[in-house]
Each structure stands twice: as C-alpha cells, then as structure tokens.
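Spelled out from the first residue to the last, the chains are:
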Amino acid sequence: MGSIDLPKSPNVFHPEKPSAVGSRNSLAQEYRDQQAEVNQLLEEEANKVIHHLTAKLPKDVLERLDVMGGLKEKLYNYFNQNYQNMFNRYMVTSEDEMVKKVRNFIDKEETKVLARYTPKEIADLLDAVGGADKFNTGEVEKSIVNMYGHLQGHVQRGVNELETHTNSILRQKTDTGAFVRGQNAYSIVKCAFKDNLLKPKTVTDVKLSVNILDAELISPIFHYQVTVEYLIKDLLSKHIVDAIDQTIEKVKDERVEQGLEELSDSEIIFNKMGQVPNFTDDEVENPKSRRYSIVAKALMERINDLRAEIDPETFDQMNIRENIKNIIDIENIRNRGFNTAINSITSILDTSKMGYQYIENLKNAREILIREYEDTDVANLPDERYQIKLRYFDNAQLNEDRKAYDVQMKSFETEVMHLWDILHVIYQEKKSMWKVNDFADLAAKKRAKLKKIKDQTGEPAYEAIDKVWDEISFVRAGETEVERSNRTYVYEKDRVRQRIILMRNKMKKMYDYLYPIERRVMEERLSALERDYFRFEYMINPYHLQPGILLDVDITSIKRKKATLDAMANVLNEFLHGVSKGFSDAAFASFSRRRSTVREDINQSFGAAPEDPLGDQAPAASAGSAYLDFINSDSPASVSRSAPKAIAAPKRGGRAAGGKAKAKAGAAKGGRRGRRSGDSGLREI
C-alpha cells in the first residue's frame, strides 16, 4: 500500500475509499471484498435451505412449489435483509459507544495539556495517586457489556422472527402453537381464532389468554392492600423452606458418603415435613416458641393489620411499626413483582416495534391496559391492531368473579327463555286449527287411534311416559363435587346456543317473506341477545383460572399479512421467558443424582466372582445371564434390591486363590471411592 492511497485529511468523504468519512471499507480490512463475502454467505445459506426442502418434500409438491425460482429468491432476500439489519444495528451501537469513549479520552488529555503552570512530574504524581476514576476500566468494560448485550438482544430477536416466519412458511397456517411454545405452553387458558364481524373474509380476530400461576412467577406479586405482617410472614416462610432444603441436602450427602441408598421422592417429601417442627410451631401466644425465633412476638404484634398506608393522625416516625414498615418499603417487596412485569412487557413492546398510543396503569388494583390505538370504535380502527390486559388475581378476587359469572350465565338463560316463551305463544296463536302444521298437531290428531292400539297391546301410551329429553340437548350426566366446584357451563352454553338457532329458524318458518312488527321486534331482541351472548362466551371463565397473572391479548390481523400475529408471538414468548419460571416437575428438577446412576449393578467389572455356598466359584455363564436378565427387565428398581453379582473372570491356574482376596479388598476400597467421587467409570463390586 502506497502513501498515495491514504486520505490526506479526515475531511475526505467517499463511500468506497478505505477509512474515509462515510466509507463502508476500512484499512483494517486490508482491501477484502466485503460484498463478495456477504454474497457468498447468503448464497450458501439459501442453498442449504433449498437443498433441505428438495430432500424432504415429495416431488409433486416441489413441482408446485417452484423451488428453483421464486422461493430461492425470497429466501435470499430474507436472509440478506435480516443479516443487514442485525449488522447495521451492531455497527451503529458499537460506533456510538466508541465515539463516547474517544471523546471522553480526548477531554481528559486536553485537560492535562491545559494545566500549563503545573510541573509535569507533579501532574504525573497526582495521576498515580488519583481517585477511583484514574486508570479505571470499569466504564469501558460496562460499555463493552452493553454493546454485546444489545448485539445479543438484536440477534436473538432476529432469530425469533426468523423461526416464526420459517414455521409459518412450512406450515402455511397460523394456529395456537405459534404464540406460546416450550415450557410455557401449558399456561394457555383460552385461544380462539374467529372471523372479524365487519370483514370476515380478509380479517381475523384472535383471543389469547395466558394464566401464570403464583408459584411459577420469578418475582412474586402482592396486592397493594396486603398487610406488612403478611409480607414478613411470607419472607419467614421462604426462609424456613430454604433452611429445610439445606438440611435435607446434608442428609442426602451423608447417606451417599455412608454408601446407603438415596432417598426416594416420597421419602424426601416426608423428611421435609418432619423437619418443619424444628423451625416453627403453632404456639401463637408463647413468646418463646420457635415461630418467633427470627422475629420476636412483640414486633409481630406491633405490625398487626398494618397496611400500605398509615393514618396521618397516628403517624410517628419514631414508632416501632413505622420503622418496620419503612424497612419493608425500602426493600420494595410490595411493588417489586408487578412493576417488574410492567417494565418487561412495555420494554419488549418498544424493542419489538409494537408501539402503543394508550396505556392505563392501575397500580393499586394490579392491572394494566395497553392498546395500540386510543380509539375504541372498531369502525375507525385499522385491520392490524392489538390490545393487552395484564391483571393479577388472588383467591378472593376469583371467588367474586365466579359469583358474577354465575349470575350472568343465569341471566342469559332467563332472557333467552323469556323470548322462547313469547315466540312459542305467538306460534301457537298463528297456527290454523283446521290443518296439520307440525308434528305436534299430527300426534294430537292421531292420539285416540294410538291409544286404542296401545290398550290392545298393553303398552303404556306415549303421553304416560316420562319425558327426560327436551330435544334441544342430550341428557346431562349427574354432577359430582368436581363439577359443582368448577363450573364449566359447557352444557348451559350449548343449550342457549341451540335455542337461539331454533328461534331464528322458527321465525323464518312462521313469517316467510312477511315482516310484521312482531317479527321485527323479536329479531332485534334475538340479535341483541346473540351478540351479547357471543361476547360473554368470548370472555374467560373464572372457574378455569388460578391465582396469579392473567395476560389477556386481543389481536386483529389481516389474514394474508399476519404482521401483528407474528410480532405478538415473539413478544409473548420473550415476556413469559422473563416473568415465568415455567412448569417443571419437582422430581426432575431435583435430578442431582438418581439411584439409577449410582447402582452398583450397572457398572460391572472383570473381577473374581464370589464363592457359592458349596465353596465353588460361581460360573461365568450364570453371572452373564443374570446381567442380561437385569438389562431386559421392566422394573430395574426391583432388581437393584438384590445383591449385585460380578462377572466372573476366567481361571488362570494358581492365581485364583490370591485373586479372590485381592478382589474382595479392591471391591471395598473401589466401591467407597466410586461413591464419593461420583464418576461414571468402571469400578469393582
């Protein structure tokens, strides 16, 4: 590289000259062809996907898919767009952070130069004994961490979008599985796709409800009205449970060191229950009871019924209860969980380019409402929109909601039955008395003849038989305590829906093309009831909820674009990952070392076989068959209870007797060493 290739000043502006202002090339690249490298990368990735599709899909599907034509171009453009977006974001973030650091460094150097009247030696000495900001790399390290954090976030979000789009391309549909995946899939309470009422052919409405239980929240949530006493007792309970867990871990380690069999899952639970009296008790009035070993009884009495706010007339900063409340408030235990959830959902929406014009945070009610647009009239709203409602429920709130749900369901049944009775009366009035109008008229006309036939055969008449089926819905099974405690209302809703359909059909049959005032009034009432009923059915049944967070999302999206659907899927997965621990089986969560991994009959070794009762050595064939029986058995646990047998080594002349003694000694020593170290290598038994 000659000197003529270098720009003469920092004011040179050129898009291609290395290290010029606005250039996309750098001298550090040593004139590498960046565009060719990017093209090679994108071409290789696109070809990989095309090759995978051609290998997996049938030939007739490939012919219709046009793999070598439009699909390859779309894949290439999609990879190119995502690569450029992520790379540009990284470069912008890096440049911004580095410019800040360079500017600060230049400011410090200029400050040193401006101190003209200070001897250089004194300035160096002051620098050497300076404060924490001298030669401190903390800020630079923090900036680098931020840069990599932003980069990781952009890459992760890009990967999530790529995964969602790839699944959509391969499946050619969007269903419930596109929203919540992995260990949070169980949390979906309700997800319904339906056509939009105003534009059923082009627009779809999606209702998604996710219930995150209290036990699965990373940061627990408390209501604003909860007492300070409850918060302290909750902290004490967690402290006791942690102490019990530590005690059980010590017991498990001791059993392993002693060579005993590990505790089963049930035994661990029973041991934990047995440890509870060692940490607390039920003696509420005794100030020396174990329940007051951490917080004294006098302090607990001071904060009895103390809530988030204290009456200003009784407030005194020097009182015990005020200072205890101040300690709890400083830790922010009461608001921490709900504020974390709010910060999580709003920040994810911001970074996912899912803006919102309306937000209402009801802090004391533990509820937040987010809408993409402020207007609520669907006629004025675009076809791509969403609404999120995040609310925390406890048992008391759920019980009240269930009562209201019961009353509303009963009210719907009453109103629908009232219209049903009115329609039946009008239908009976309009029937002609001289001709057969329906099956009931025909049955009444032939009743006398049928009665004579039944009397002759001795069978009961139709009118004498009890009617248990009303021809609207099938006979309902008897309720158990489970159904009475958890009302699903599936049967009642089905009856209401069937009556609405039957009433509309009956009105068409009665009036045909005539529209008298009675028909118009009844049809308006029926349409209003049907509209309200569908709104009610669209809601979540509180009997299906458990205490915790309810995330209620309403999405409206164009069927052929699905932009809001895809973006909201990424938002929900990221939000659940940051707020919920997800479902985990406790038996698998405590998978530290199972009995199946330390059984001595798994790791066989080639040692001398134990002697049989007759004094002869056990044959190798029987030991090998026992081992094969163990491998092929269905219940390894039952086999492990029997004494393990070693695979016999072949006899070697006179070494057999000495080998027995060495094998026994090595077995005891090797068995203890194997259990302590816990490695999976071969050890003698």
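Residues numbered from 1 in each chain as written. Predicted model: local features only at pLDDT ≥ 70, side-chain atom pairs only at ≥ 80, totals over all residues. Heavy atoms only, no water.

### Observations concerning empty space enclosed by the protein
One water molecule sets the probe size; rolling that probe over the atoms shows where empty space is left.
(1) Moving on: Enumeration over the complete set of coordinates arrives at one cavity of 30 Å³ or more.
(2) Moving on: Taken as a whole, the largest cavity encloses approximately 60 Å³ of empty space.
(3) Moving on: In terms of lining, the largest cavity is formed by Leu-217, Ile-218, Ser-219, Ile-221, Gly-337, Thr-340, Ala-341, Gly-578 and Val-579.
(4) Moving on: Residue assignment for the lining of the largest cavity shows that the elements contributing at least two residues are helix H10 (333–351) and helix H17 (563–579).
(5) Moving on: When residues in the lining of the largest cavity are grouped by element, the largest group, three residues, is from H10.
(6) Moving on: When grouped by side-chain class, the residues that make up the lining of the largest cavity number five nonpolar, four polar and no charged. (1 Å grid on protein atoms, 1.4 Å probe; cavity = no way out; pocket = protein on both sides within 12 Å on 5 of 7 lines; lining within 4 Å. Points joined across faces, edges and corners; volume = space filled by probe spheres on them. Helix = DSSP H or I, 4+ residues; strand = E, 2+ residues; numbered from the N terminus. Nonpolar A, V, L, I, M, F, W, Y, C, P; charged D, E, K, R; others polar.)

### Here we look at a nonpolar patch on the surface
(1) Moving on: A contiguous nonpolar patch, built from Val-468, Trp-469, Phe-474 and Val-475 and spanning about 510 Å² of accessible area, is present on the exposed surface.
(2) Moving on: Summarising the element assignment, Trp-469 is placed in the loop between helix H13 (447–457) and helix H14 (481–485).
(3) Moving on: Judged by its relative accessible area of 47%, Trp-469 is partly exposed. (Patch = residues over 30% accessible without salt bridge, like charges linked within 9 Å, V, L, I, M, F, W, Y side chains within 5 Å. Areas by Shrake-Rupley, 256 points an atom, 1.4 Å probe, with all protein chains shown as cover. Salt bridge = Lys/Arg side-chain N within 4 Å of Asp/Glu carboxyl O. Buried < 20%, exposed > 50% of the residue type's maximum accessible area, 1.4 Å probe, protein only.)

### A look at H10
(1) Moving on: With 19 residues, H10 extends 27 Å from end C-alpha to end C-alpha; this agrees with the ideal 27 Å at 1.5 Å per step.
(2) Moving on: For H10, the set of buried residues is Ile-333, Arg-334, Gly-337, Phe-338, Ala-341, Ile-342, Ser-344, Ile-345, Thr-346, Ile-348 and Leu-349.
(3) Moving on: Following H10 by one or two positions, Lys-353 has its phi on the positive side, about 60 degrees. (Expected span 1.5 Å × (residues − 1).)

### Focus on the side chain of Lys-297
(1) Moving on: With respect to the element layout, Lys-297 can be found in helix H8 (residues 297–302).
(2) Moving on: Judged by relative accessible area, which is 14%, Lys-297 ranks as buried.
(3) Moving on: Excluding residues that lie within four positions of it along the chain, Lys-297 makes contacts with Val-284, Glu-285, Asn-286, Pro-287 and Tyr-292. (Contact = heavy atoms within 4.5 Å.)

### A closer look at the environment of Met-507
(1) Moving on: Mapped onto the fold, Met-507 is located in helix H15 (residues 490–511).
(2) Moving on: Accessibility expressed as a relative area gives 2% for Met-507, which makes it buried.
(3) Moving on: Met-507 sits 80 residues away from Tyr-427 along the chain, and the two C-alpha atoms are 8.7 Å apart.

Function cannot be inferred from these measures alone, as they are strictly geometric.
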